[in-house]
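Per-entry structural report
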Amino acid sequence: METLGTVLITEEQIADAVARLGAEISADYADSDVLLVGILKGAFLTMADLSRQIQVPVEFDFMAVSSYGDATKSSGVVRILKDLEQEISGRHVVIVEDIVDTGLTLHYLLENLWVRKPASIEIAALLVKEGIQEIPIEVKYRGFNIPPDFVVGYGLDYTGLYRNLPYVTVLDPDDLPS
Ligand code: IMP
């Protein structure tokens, strides 16, 4: 199949990064249970692949938030569409995100989750856009720093499309559906 746009990160590079993050998490949580919290929908592929690279027991939960709607700009307004099913009090939580852009979504989520008194919260993100965080966010497990372009693939969408691409690509304006 023809690739779409200008590929920024290949399938192989993603697999290598996810394996590295899995090894880091396995080492850091060797002595404690970890609850992975995937942020839907974008993180579903990272969650599936990363969790299979973690060698210690993990539990799963998911949250769904809306931040972007159908546009390519962050609104700064975050709405919880689906909350966690588990209590996280006393738990070691690792939030799994696809991408950190402005950081507004994670900032909101961190504030929301800390109120529930977990033992710890760390963040694993496949992609971090460089230099445009409106709020500094510490991403302990980070796949790639990327330029502040709009990207799709490997879970990331544009108007609901392209999440299934196995690579991360920068869409050319000509590729965008009108
Ligand atoms: P933030 O709140 O600006 O950090 O944005 C977080 C969310 O916006 C991510 O979880 C994505 O769902 C979405 N997002 C940010 N940048 C991109 C992008 O380049 N492509 C697709 N979705 C993006």
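Structure first, text after, so check above.
Residues numbered from 1 in each chain as written. Predicted model: local features only at pLDDT ≥ 70, side-chain atom pairs only at ≥ 80, totals over all residues. Heavy atoms only, no water.

1. Digging into the sheet that holds strand β4 (residues 79-82)
Note the threshold: Any two strands with at least two DSSP bridges between them are considered paired. Note on conventions: DSSP H or I runs of at least 4 residues are helices, E runs of at least 2 residues are strands, and numbering of each starts at the N terminus. Angular values range over 0 to 180 degrees, each being the angle between N-to-C directions of two axes fitted as lines to C-alpha atoms, with helices fitted over their stretch in contact.
Judged by pairing direction, the sheet is mixed, and its 6 strands sit side by side in the order β4-β3-β2-β5-β6-β7 without closing on themselves. Lying at the two open borders of the sheet, with one neighbouring strand each, are β4 and β7 (141-146). Here the strands of the sheet are splayed against their neighbours by 30° on average, with no regard to which way each runs.

2. Quick word on the packing of aromatic side chains
Basically, it comes down to this: Two rings from Phe, Tyr or Trp (for Trp, the six-membered ring) form a pair when their centres are within 6.5 Å of each other. A pair whose planes differ by under 30 degrees is stacked, one over 60 is edge-to-face, and the rest are tilted. For every residue, the accessible area (1.4 Å probe, protein chains only) is compared with the maximum for its type, and the residue is labelled buried under 20%, exposed over 50%, or partly exposed between those bounds.
Counted by the stated rule, this structure contains 1 aromatic pair. Summarising the aromatic geometry, the rings of Phe150 and Tyr158 are spaced 6.0 Å apart at their centres and angled 80° between planes, so their arrangement reads as edge-to-face. Classification of Tyr158 by relative accessible area gives buried; the value is 14%.

3. Notes on the site of the ligand
Put simply, the test is: One heavy atom within 4 Å of a molecule or strand is enough for the residue carrying it to be called near that molecule or strand. Polar contacts, as counted here, are pairs of nitrogen or oxygen atoms within 3.5 Å of one another; within protein the pair requires one atom able to donate a hydrogen and one able to accept it, and residues that are adjacent in sequence qualify only if both atoms are side-chain atoms. Here, Shrake-Rupley sampling with a 1.4 Å probe gives the accessible areas, and only protein chains in the shown set may cover a residue.
Taken together, 18 residues sit near the ligand, with Thr102, Gly103, Thr105, Lys129 and Val151 positioned nearest. Thr105 is positioned such that a nitrogen or oxygen atom in its side chain is 2.5 Å from an oxygen atom of the ligand. Val151 is positioned with one of its backbone polar atoms (N or O) 2.5 Å from a nitrogen atom of the ligand. For the ligand, whose accessible area on its own is 490 Å², the fraction buried by protein is 92%. Of all the elements in the fold, those that place two or more residues in the shell around the ligand are β5 (92-100) and α3 (104-114). At 4 residues, the largest contribution of residues to the shell around the ligand is made by β5.

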